[in-house]
Amino acid sequence: VTEQIILPNFQFFGWVTLVVETALAALLLIGYRTKLVALAGAVMTVPIMLSVLYYDRADEWSWSYLLMIAAHLLVYASDAGGHLGVDGVLRRDPAAGRRATTIFGVTAVAIGALGLFVARSVSFAGDQVALLGSDAGFVDDAGTLVRRWELKFVWFNPTWAMLTIAFGVLVVIGQRQRWAPRVGAAGFGVLAVVIMAMQTFDYLRDDGTIQVVATASNAALWSALALAVALLDRHAVSNRSKLVDQE
């Protein structure tokens, strides 16, 4: 199978793996369809674990994949999404949905604010990070401008950070403006698609060397926010429709 199917179509299988893993991460972050996703994550881990176990030069710890499988099964057994996730919120009354939407919005604002602080104030993130514009980046010791259009959780480009804050604010005010959470969710979705399409970004290490890092984790974060807000908005609309029908 590997020689005749996977290797000749390696790019296709690579993209499938990337998209599936990103989707699983996003769904687990918000606790949606948690039991099913947890099982899928455990199954997804098995072939990667086997490839590490039976490859002499694999620069990874095989036992870490056993921990990943165990963690997924624990999430499945505990029904985590039903307690602290979107799964549980969708089973409750509209007030729970409104609270959850606000929590997601506040979380996005906090992440964006932390990223903005790091980008502008912390030395290892680069002292010369531009606030806006295509020159966003930092200058290394050699005087070379290193681009910084990416989100690396707390190592933000300030533009991405401010967009995250702005969309988070829209989600928070969505309790009064029905259009706001939808715009916020769409914004997070666009950010996720753009960063996923970039595929990689450059990471300046402490020793001055450049390391290429994938963007899938960042795409998972934004797509998780987008999906959570969209699901909760649909839940709110559905409840309003039921109330109208009852009246």
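In this numbering scheme, every chain counts its residues from 1 along its sequence in written order. In keeping with the predicted nature of the model, local features appear solely for residues at pLDDT of at least 70, side-chain atom pairs appear and are counted solely at 80 or more, and the whole-chain, interface and lining totals rest on all residues. Values reported for side chains reflect all heavy atoms of the structure, with hydrogen atoms and water molecules removed beforehand.

Focus: the nonpolar core
Counting residues in each nonpolar core, the largest one holds 32 residues, and the members touching the most others are Ile30, Tyr32, Val86, Phe104, Phe188, Trp222 and Leu225. Here a helix means four or more residues in a row that DSSP labels H or I, a strand means two or more in a row labelled E, and each is numbered from the N terminus. No other element matches helix α10 (residues 216-246), which puts nine residues into this core. Take the buried Ala, Val, Leu, Ile, Met, Phe, Trp, Tyr and Cys residues and link them wherever side-chain atoms come within 4.5 Å; each set so joined is a nonpolar core. Partly exposed residues are those whose accessible area sits between 20% and 50% of the maximum for their type, while under 20% is buried and over 50% is exposed, using a 1.4 Å probe and protein chains only.

What to know about the packing of helix α3 (residues 34-53) against helix α4 (residues 62-78)
Under this scheme, a helix contributes an axis fitted over its contacting stretch, all axes are lines through C-alpha atoms, and angles between N-to-C directions fall in the 0 to 180 degree range. For the pair α3 and α4, the least separation of the axes is 8 Å and the interaxial angle reads 170 degrees. Our classification of the angle between α3 and α4 gives roughly antiparallel. When α3 is examined against α4, the residues Thr34, Lys35, Ala38, Leu39, Gly41, Ala42, Thr45, Val46, Ile48, Met49, Val52 and Leu53 are found in contact with a partner set consisting of Ser62, Tyr65, Leu66, Met68, Ile69, His72, Leu73, Val75 and Tyr76. Under the grouping applied here, Gly and all other residues not named as nonpolar or charged are polar, the nonpolar ones being Ala, Val, Leu, Ile, Met, Phe, Trp, Tyr, Cys and Pro and the charged ones Asp, Glu, Lys and Arg. Across the contact of α3 with α4, the residue classes tally to 15 nonpolar, five polar and one charged. The cut-offs work like this: below 35 degrees is roughly parallel, past 145 is roughly antiparallel, 65 to 115 is roughly perpendicular, and the gaps in between are oblique. Residue contacts are defined here by distance: any two heavy atoms, one from each residue, within 4.5 Å place the two residues in contact.

What to know about helix α9 (residues 179-198)
An α-helical turn contains 3.6 residues, so a residue and the one three or four places further along point in the same direction. Taking 1.5 Å of rise per residue, 20 residues should cover 28 Å, and α9 covers 29 Å from first to last C-alpha, within 8% of that figure. If you check which residues of α9 are buried, you get Ala180, Pro181, Gly184, Ala185, Gly187, Phe188, Leu191, Ala192, Ile195 and Met196. Here the buried residues of α9 occupy an arc of 165 degrees about the axis, which is enough to place them on one side. Opposite its buried face, α9 presents the exposed residues Val190, Val193 and Ala197, each directed more than 90 degrees away. Multiply 1.5 Å by the residue count of a helix minus one, and that product is the helix's expected span. As used here, the arc belongs to the directions running from the helix axis to the C-beta atoms.

Section: the environment of alanine 230
Structurally, the position occupied by alanine 230 is in helix α10. Of the residues examined, alanine 230 reaches a relative accessible area of 38% and is grouped as partly exposed. Residues alanine 230 and glycine 189 lie 41 residues apart in sequence; the distance between their C-alpha atoms is 10.0 Å.

Re the confidence of the model for the protein
Per-residue confidence for the protein averages 81 on the pLDDT scale, and 76% of its residues sit at or above 70. Within the protein, helix α6 (residues 86-90) carries the highest mean pLDDT (93), whereas strand β3 (residues 151-152) carries the lowest (53). Scored from 0 to 100, pLDDT reflects the predictor's confidence in each residue. Note that pLDDT drops below 50 for residues 124-136; the model gives that stretch 39 contacts with residues more than four away or on any other chain.

Considerations on α4
The end-to-end C-alpha distance of α4, which contains 17 residues, comes to 25 Å, matching closely the 24 Å that a straight helix rising 1.5 Å per residue would cover. Residues of α4 that are buried include every one of Ser64, Tyr65, Ile69 and His72, and no others. Buried residues along α4 cover an arc of 150 degrees about the axis, so they all sit on one side. When the buried face of α4 is taken as reference, the exposed residues oriented beyond 90 degrees from it are Leu67, Leu74 and Ala77. Looking at the buried positions of α4, the neighbouring elements they touch are α2 (10-30) and α3. A positive phi of about 50 degrees marks aspartate 79, the residue just after α4.

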